[in-house]
Amino acid sequence: MDNQPPKTFLSHPQQARLAWHDAKKHATLLRLLEHNLTSGTYGPLPDQAKDALRSMGLVIETHSLLIDALSILSRYENQALTWNKTWVEGERCTESIAQHAGAALAGRTVEGQAVDAQLEGDPVLLPYLTYALVATSARLSAQGNVSLRAKYEDGRTTLELALRGHDLPAIPDQVIATACTLSHTEEPWLAVSATLAAIEAVVQTAGGTWSIKAKSPQEIIIQIVI
Amino acid sequence: MPSLLFVDDELLYRQLYGTAFEKAGYQVRYAANGEEALAAIKSERPDLLIVDCVMPIMTGMTLLKKIRRRKIPTFVLTTLEGDTDREDALALGAKGFFSKSDIDPETLLKKIQTLSTPT
């Protein structure tokens, strides 16, 4: 018994996949319930209930973001994360970004533009990167507006996100290094940290590079090149 | 009133999506797996089929294979997307493939209507 190796529960890729599927399913159910309540599917709601639901919507969105990030990090650390190159519709990467981060971006502008109809990348992880970029930037600033461009040029796919506002992080290029230590313990920073770490894991797996730079005190550019 | 068969093993998904679909004017029937869906299709052909991927007894992909010749407008709505699920579903005749975490019921129906309109 003493020589028995420790049990593992998530190292088998299929077991891990199903575990994360279950976690994601419950987060998605919550989002769907919140959507149905907010949109009046069950009838009108009093204003106080709508306000409470808006707060709940942000919590649920952050919860979902965290599950996605931890799922990717778990696969990455088990050497089970792969980047499969194929052609991905550009619009698929940009069209639903407002929905992904809708609660965090309430009252702010978010724009997505696929410059090219087809981008080269993993069919699941490339859309994840656009979503993760938008969701993270929404949380780096309480007021900033977001615009995302996705293009394919010279054999590489580039995702470029611009965050514009007056309350941006002072030293953005340190954000990646700090975030990837997962040392933050306050919400929503933990979700931001985990998501930035997940972006790092995906970009590394894809053999790409990424950067966060301040173009001006009111504009940060996050760029991923794969 | 157009008829819609919604296939998902999770009762809550059937309830949450189903209520929204009914409010949008569809006559909705439900199935909890591919086998039940097949029986429902044989008893009465739906105008529209929305199906989950991961289900017990018979998966969504197996159902797509079995009903391909019936040419029912079919859309996949799933939580779990594997690397080739989207391509596989479209190759099996699905007109669209959507992730549950990316889309609300109303937007889903709008996209389905767009994809169902002959060009």
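Structure first, text after, so check above.
Quick summary incoming for the structure in this document.

Analysis parameters
Residues numbered from 1 in each chain as written. Chains lettered and ligands numbered in written order. Predicted model: local features only at pLDDT ≥ 70, side-chain atom pairs only at ≥ 80, totals over all residues. Heavy atoms only, no water. Helix = DSSP H or I, 4+ residues; strand = E, 2+ residues; numbered from the N terminus. Expected span 1.5 Å × (residues − 1). Axes fitted to C-alpha atoms, helices over the stretch in contact; angles between N-to-C directions. Parallel < 35°, antiparallel > 145°, perpendicular 65-115°, else oblique. Left-handed = near helix turned anticlockwise from the far one by under 90°. Contact = heavy atoms within 4.5 Å. Buried area = accessible area lost by both parts, 1.4 Å probe. Salt bridge = Lys/Arg side-chain N within 4 Å of Asp/Glu carboxyl O. Polar contact = N/O pair within 3.5 Å; in protein donor to acceptor, adjacent residues only side chain to side chain. Nonpolar A, V, L, I, M, F, W, Y, C, P; charged D, E, K, R; others polar.

Regarding helix H2 (residues 47-77) of chain A
Part 1: Compared with the 45 Å implied by 1.5 Å per residue over 31 residues, the 45 Å span of H2(A) between its first and last C-alpha is a close match.
Part 2: Following H2(A) by one or two positions, Gln79(A) adopts a phi angle in the positive range, close to 50°.

Thoughts on the packing of helix H1 (residues 11-23) of chain B against helix H5 (residues 105-116) of chain B
Residue and element names in this part refer to chain B.
Part 1: Where H1 meets H5, the closest approach of the two axes is 9 Å, and the angle between their N-to-C directions is 60°. On the basis of their axis angle, the class for H1 and H5 is oblique. As H1 runs across H5, the sense of the crossing is right-handed. Of H5, the residues touching H1 (which contributes Tyr17, Ala20 and Phe21) are Pro105, Glu106, Leu108 and Leu109.

Considerations on the interface of chain A and chain B
Part 1: Opposite the 26 residues of chain A that make contact, chain B presents 26 residues.
Part 2: Both sides together, the interface formed by chain A and chain B hides about 2,300 Å², and carbon and sulfur atoms give 57% of it.
Part 3: Taken together, the connections running from chain A to chain B amount to one salt bridge.
Part 4: Of the charged contacts, one joins Lys25(A) and Glu10(B) as a salt bridge, the two residues approaching to 2.9 Å between their closest N and O atoms.
Part 5: Scanning the region where chain A abuts chain B turns up six residue pairs in polar contact (both at pLDDT 80 or more).
Part 6: In terms of residue count, helix H1 (residues 13-38) of chain A provides more of the side of chain A that touches chain B than any other element does, eleven residues in total.
Part 7: Of the residues contributing to the side of chain A that touches chain B, the split by class is six nonpolar, 13 polar and seven charged.

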